[in-house]
Amino acid sequence: MQEIEALAAGLKSFATWNTTATLQECRECCGGKGYMSENRIEVLKNDTDVFTTFEGDNTVLMQLVAKSRLTEFKQEFGNMNVLTILNYVADQAKTTITEKNPIITRNTDENICSIQNFI
Ligand SMILES: Cc1cc2nc3c(=O)[nH]c(=O)nc-3n(C[C@H](O)[C@H](O)[C@H](O)COP(=O)(O)OP(=O)(O)OC[C@H]3O[C@@H](n4cnc5c(N)ncnc54)[C@H](O)[C@@H]3O)c2cc1C
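What comes next is a walk through the structure. (Residues numbered from 1 in each chain as written. Predicted model: local features only at pLDDT ≥ 70, side-chain atom pairs only at ≥ 80, totals over all residues. Heavy atoms only, no water.)

### A closer look at the site of the ligand
Around the ligand, the surrounding shell consists of Val50, Thr53, Phe54, Asp57, Thr59, Val60 and Gln63. Within the side chain of aspartate 57, one N or O atom sits 2.5 Å away from an oxygen atom of the ligand. Separating a nitrogen atom of the ligand from a side-chain N or O atom of glutamine 63 is a distance of 2.9 Å. Compared with its free state, where it exposes 960 Å², the ligand has 29% of that area covered by protein. Of the residues contributing to the shell around the ligand, the split by class is 3 nonpolar, 3 polar and 1 charged. (Near = heavy atom within 4 Å. Polar contact = N/O pair within 3.5 Å; in protein donor to acceptor, adjacent residues only side chain to side chain. Areas by Shrake-Rupley, 256 points an atom, 1.4 Å probe, with all protein chains shown as cover. Nonpolar A, V, L, I, M, F, W, Y, C, P; charged D, E, K, R; others polar.)

Dropping the structure here:
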């Protein structure tokens, strides 16, 4: 339940902040014409701006997400001894370095794989 709650909180915050930022970007891209009523940007902004506050203020929801993640990490690490933690950190470092390698990243990209299959 806690995981679902955190997921919903994170998705709600991300989606509503993204909506607000996207509409602002659209308005600015249209310059002064972004204010013209036929573009409907102002109407959409008026309708959606409040989403960042009601049904849970986004900042407060993100605190819930952070708390949930930290609790999960605590549970995960709580059962580990020093050696297991070191192994875990080494694995994380290895994954991060691997992901930064453009050749490996390119080969595992879904689109590249499907192109390779096609060829
Ligand atoms: C149009 C509209 C309809 C609504 N409908 C309903 C409804 O039907 N039922 C209902 O129960 N409520 C409803 N509300 C209330 C809504 O849920 C609250 O407005 C919302 O939870 C934010 O609370 P607040 O207004 O007290 O703001 P505050 O909590 O005072 O927030 C003000 C600022 O403080 C920040 N802040 C608050 N707490 C923290 C914290 N712990 N750490 C860091 N920053 C913090 C926030 O991020 C925000 O920037 C509605 C609100 C609006 C605007």
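### Structural notes on the packing of aromatic side chains
Considering all chains together, one arrives at 3 aromatic pairs under this definition. With 5.5 Å between their ring centres and 25° between their planes, phenylalanine 51 and phenylalanine 54 make a pair best called stacked. By relative accessible area, phenylalanine 51 is classed as partly exposed at 33%. For phenylalanine 54, a relative accessible area of 39% corresponds to the partly exposed category. Ring geometry for phenylalanine 77 and tyrosine 88: centres 5.0 Å apart, planes at 85°, overall edge-to-face. Taken together, the residues span a long stretch of sequence, with phenylalanine 77 in helix α3 (residues 58–78) and tyrosine 88 in helix α4 (residues 82–100) at a distance of 11 residues. (Phe/Tyr/Trp six-rings, centres within 6.5 Å; stacked < 30°, edge-to-face > 60°. Buried < 20%, exposed > 50% of the residue type's maximum accessible area, 1.4 Å probe, protein only. Helix = DSSP H or I, 4+ residues; strand = E, 2+ residues; numbered from the N terminus.)

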